[in-house]
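Structural overview
Spelled out, the chains give:
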Amino acid sequence: MKRQVPIILTTVTAVIVFFSIILFKPDAAGWPGKFDRMRQFMAAVMMFMGMANMTRVHGSVIRKKDRNWMFSVWLLVIMYVYAIFGLIVGNTNTTYRWFYNAFIPPINATMYAMVAFYLTSASFKAFRARTVDAALMMACAVWVMISNVPVGDMLWSSESWLGGMAGVRDWIVSVPNSAVSRGIAVGSFLGGFATQLRIFLGLERRHLGQG
Amino acid sequence: MSTLLAAAAEAQGVPRWGIFVDVEGAVSGFITAVILTVLTWYFVTAARAGRPMPEIRKLAGLDAIDEAIGRATEMGRSVFLANRTAGVGNVHSFALWGYMGYVAKLCAQYDTHFVNIAGDYLAAAVNEEVIKQAYLEAGRPDAFKPDTVRYVPGDQWAWTSAAAGMLKRERPAATMWIGYFYAESMTLSEVGAQIGAIQIAATTNTAQLPFFIASCDYTLIGEEEYAAGAYLSKEPMLTGTIVAEDVGKVIVAIVVLLGVIAQLVSPEANFVSKMLQF
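Residues numbered from 1 in each chain as written. Chains lettered and ligands numbered in written order. Predicted model: local features only at pLDDT ≥ 70, side-chain atom pairs only at ≥ 80, totals over all residues. Heavy atoms only, no water.

Overview of the interface of chain A and chain B
Listed by partner, the interface residues are 49 residues for chain A and 62 residues for chain B. Roughly 5100 Å² of surface becomes buried between chain A and chain B when both sides are summed, with 73% attributable to carbon and sulfur atoms. Where K125 of chain A meets E190 of chain B, a salt bridge forms, and the shortest distance between an N and an O atom there is 2.7 Å. Where chain A touches chain B, the interface holds five residue pairs in polar contact (both at pLDDT 80 or more). Only helix 1 (4-23), helix 2 (31-64), helix 4 (94-126) and helix 7 (164-200) of chain A provide two or more residues apiece to the side of chain A that touches chain B. Counting residues per element, the side of chain A that touches chain B draws most heavily on helix 7 of chain A, which supplies 16 residues. (Contact = heavy atoms within 4.5 Å. Buried area = accessible area lost by both parts, 1.4 Å probe. Salt bridge = Lys/Arg side-chain N within 4 Å of Asp/Glu carboxyl O. Polar contact = N/O pair within 3.5 Å; in protein donor to acceptor, adjacent residues only side chain to side chain. Helix = DSSP H or I, 4+ residues; strand = E, 2+ residues; numbered from the N terminus.)

Laid out in structure tokens, this is it:
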């Protein structure tokens, strides 16, 4: 029974949502909206459980004075102070929003900017032409990169034969590259669909804590 | 799916065939879903009846999981498996749990420290259950440690900074990036490469595939990500769903070919295109 009930619930919910949203008239009986509200409610409950879990895990780290325990103190202080402050003043409060906007976006932007350096080191590895395939990929990549900067147009003008470097770049991007991407996308869709069917049919049971 | 949901919500006018929403591709999408469901049902039933199923072709990335865990065991270092974006309603999570159960079970058997970094609080709870079950199956429930599942809020760069920091500090011998990743794929896989970990990635995001291919030792592309559950379990019924998927691929290829021919012959009267749009 413990095994069957979650599988039956999953299948019934999936079938109702599938038929009432995708195929029949929108909002038929309002079931999709009802399911979504149930999910939102569960997510809100889980948020508190998450806070309790974080307190338990990091509280244990602080008690045992584990490595980097001071970061756990910092995390708990920030989590509770910011949550309580938000509950008191509301999420539209200027000060409440200032704390977020003054810290999070600049930190995110900093991390994002670092991707450029990682890209450089990854490119160095990727652009070693060990095989014919790798050489072809490298040639295409170099072509696309050069055609995206002004020097590309200087080398082979876009107003000349074949649209210049930019013309060939556009062909590479829109023909072979698109064809491969769409091939992968079709495979991914079918793979995703097969996985969903495995869940609906109760064949995929890992999420239910079953092997 | 979300596009269809949005389109269905905005759909106006007379329903198609009286029952279908007035959205492009609603009827053809339904027929495609029915065909794939029937195919899956047929192959699953065939597998259940004991009829032989074709073997799934070798996937180097999945075969490398054993090697990666073996290496981590020899080196006395941990194995990391992570995904940031996948929530419990996401199909990538179900694929992830296939990997997670297998990797956690092997780690439990070899007494290797296994770490999962989750970016969704609901998924983190399920991850914990999946890993506990795997440890139980391995006969080592006591080996499960509280820090095995580490929940880090899924904000893109906060999560990435935390995951990259853990990699740098703990230097795992193997890292696995499974699911849908965005720009963080580059940072994570490069940090993994810097610490010398064996890296296995699986994603369907074509924009991030080149980064994983450049930095990881093995990359599972597109639908290979979803095949893990069936491939690793070697269960015939699960293999049946993969066979159905492959038959579906052949049908798609035939439809594409017909569409190309119809487009070449008469672009205005391309019946395949019209059929798919209905």
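Structural notes on helix 7 of chain A
Residues and elements named next belong to chain A. Look at helix 7: 52 Å from first C-alpha to last across 37 residues, which is about the 54 Å you get at 1.5 Å a residue. Where helix 7 bends most, the angle comes to about 40°, and this point is S178. G202 occupies a position one or two residues after helix 7 and carries a positive phi of about 75°. (Expected span 1.5 Å × (residues − 1). Bend = angle between axes of the 7 residues up to and from the residue.)

A closer look at the sheet that holds strand 2 (residues 114-118) of chain B
All names here are of chain B. The strand order across the open sheet formed by six strands is 3-2-1-4-5-6, and the pairing between neighbours is parallel. Among the strands making up the open sheet, the edge pair consists of strand 3 (149-151) and strand 6 (218-221). Neighbour-to-neighbour, the strand axes of this sheet turn through a mean angle of 15°, independent of strand direction. Note that strand 5 (residues 198-203) and strand 6 share four bridges and pair parallel. What sits directly across from A202, in strand 6, is L220. Contacts from helix 7 (residues 184-194) reach strand 4 (174-178) and strand 5, with the element oriented near 165° to strand 5. (Pairing = 2+ DSSP bridges. Axes fitted to C-alpha atoms, helices over the stretch in contact; angles between N-to-C directions.)

Here's the deal with the packing of aromatic side chains
Residues and elements named next belong to chain A. Per the counting criterion, the structure on display carries 16 aromatic pairs over all chains. Centre to centre, the rings of Y82 and Y96 are 4.5 Å apart; their planes meet at 10°, and the pair counts as stacked. A residue pair is termed long-range when its members are at least 10 positions apart, and Y82 in helix 3 (residues 69-89) and Y96 in helix 4 qualify at 14 residues. Y82 gets classed as partly exposed once you look at its relative accessible area, which sits at 25%. Under the relative-accessibility criterion, Y96 is labelled buried at 18%. (Phe/Tyr/Trp six-rings, centres within 6.5 Å; stacked < 30°, edge-to-face > 60°. Buried < 20%, exposed > 50% of the residue type's maximum accessible area, 1.4 Å probe, protein only.)

Some points on the pairing of strand 5 of chain B
Residues and elements named next belong to chain B. Here strand 5 lies mainly inside the structure; six of its six residues are buried. The alternating pattern of strand 5 places I198, I200 and A202 on one face and Q199, A201 and T203 on the opposite face, and all of these are buried. Here strand 4 pairs with strand 5 via five bridges, running parallel. Bridge pairing in strand 5 places W177 opposite A201. Following the chain from strand 4 across helix 7 to the adjacent parallel strand 5, one finds a crossover that is right-handed. In the classification by handedness, the crossover that spans strand 5, the intervening helix 8 (residues 209-215) and the parallel strand 6 is right-handed. (Right-handed = clockwise from strand over helix to strand, strands pointing away.)

Regarding the pattern of salt bridges
Residues and elements named next belong to chain B. Enumeration over the complete set of coordinates arrives at 13 salt bridges over all chains. Between E224 and R57 there is a salt bridge, with its nearest N and O atoms 2.9 Å apart. Remark: R57 occurs in the loop between helix 2 (26-48) and helix 3 (60-75) and E224 occurs in the loop between strand 6 and helix 9 (228-233); sequence separation between them is 167 residues. Exposure remark for R57: the relative accessible area of 53% places this residue in the exposed category. Between D142 and R140 there is a salt bridge; the shortest N-O distance is 4.0 Å. Its relative accessible area of 61% is what places D142 among the exposed residues. With relative accessibility at 24%, the residue R140 sits in the partly exposed group.

Description of the domain arrangement of chain A
Residues and elements named next belong to chain A. Parsing chain A into structural domains produces domain 1 (1-89) and domain 2 (127-211). A separation of 35 Å is found between the C-alpha centroids of domain 1 and domain 2. Taken residue by residue, the interface counts seven residues in domain 1 and six residues in domain 2. Buried area between domain 1 and domain 2, summed over both chains or domains, comes out near 570 Å², and the portion from carbon and sulfur atoms is 72%. Among the residues domain 1 hides against domain 2, the three largest losses belong to R3, I7 and T10. Together they make up 60% of the total. (Domains from an automatic or database assignment.)

Considering the state of the cysteines
Residues and elements named next belong to chain B. Here the structure, examined in full by the defined rule, presents zero disulfides over all chains. Of all cysteine sulfurs, the one in C216 lies closest to C107, which takes part in no disulfide; the gap is 17 Å. You can call C107 buried: its relative accessible area is 1%. (Disulfide = S-S within 2.5 Å.)

A look at the confidence of the model for chain A
Of the residues in chain A, 93% reach a pLDDT of 70 or more, and the chain-wide mean stands at 85. At the low end of the mean pLDDT range in chain A sits helix 1 of chain A, at 77; at the high end sits helix 3 of chain A, at 93. (pLDDT = per-residue confidence, 0-100.)

Some words on the packing of helix 7 of chain A against helix 10 (residues 236-265) of chain B
Following both chains from N to C, one finds helix 7 of chain A and helix 10 of chain B inclined at 145°, their axes separated by 9 Å at the closest point. Both helix 7 of chain A and helix 10 of chain B take part in a crossing whose hand is right-handed. On helix 10 of chain B, the residues that touch V186, G187, L190, G191, A194 and R198 of chain A of helix 7 of chain A are L238, T241, I242, E245, G248, K249 and V252 of chain B. Each residue belonging to the contact of helix 7 of chain A with helix 10 of chain B can be placed in one class, and the counts come to six nonpolar, four polar and three charged. (Left-handed = near helix turned anticlockwise from the far one by under 90°. Nonpolar A, V, L, I, M, F, W, Y, C, P; charged D, E, K, R; others polar.)

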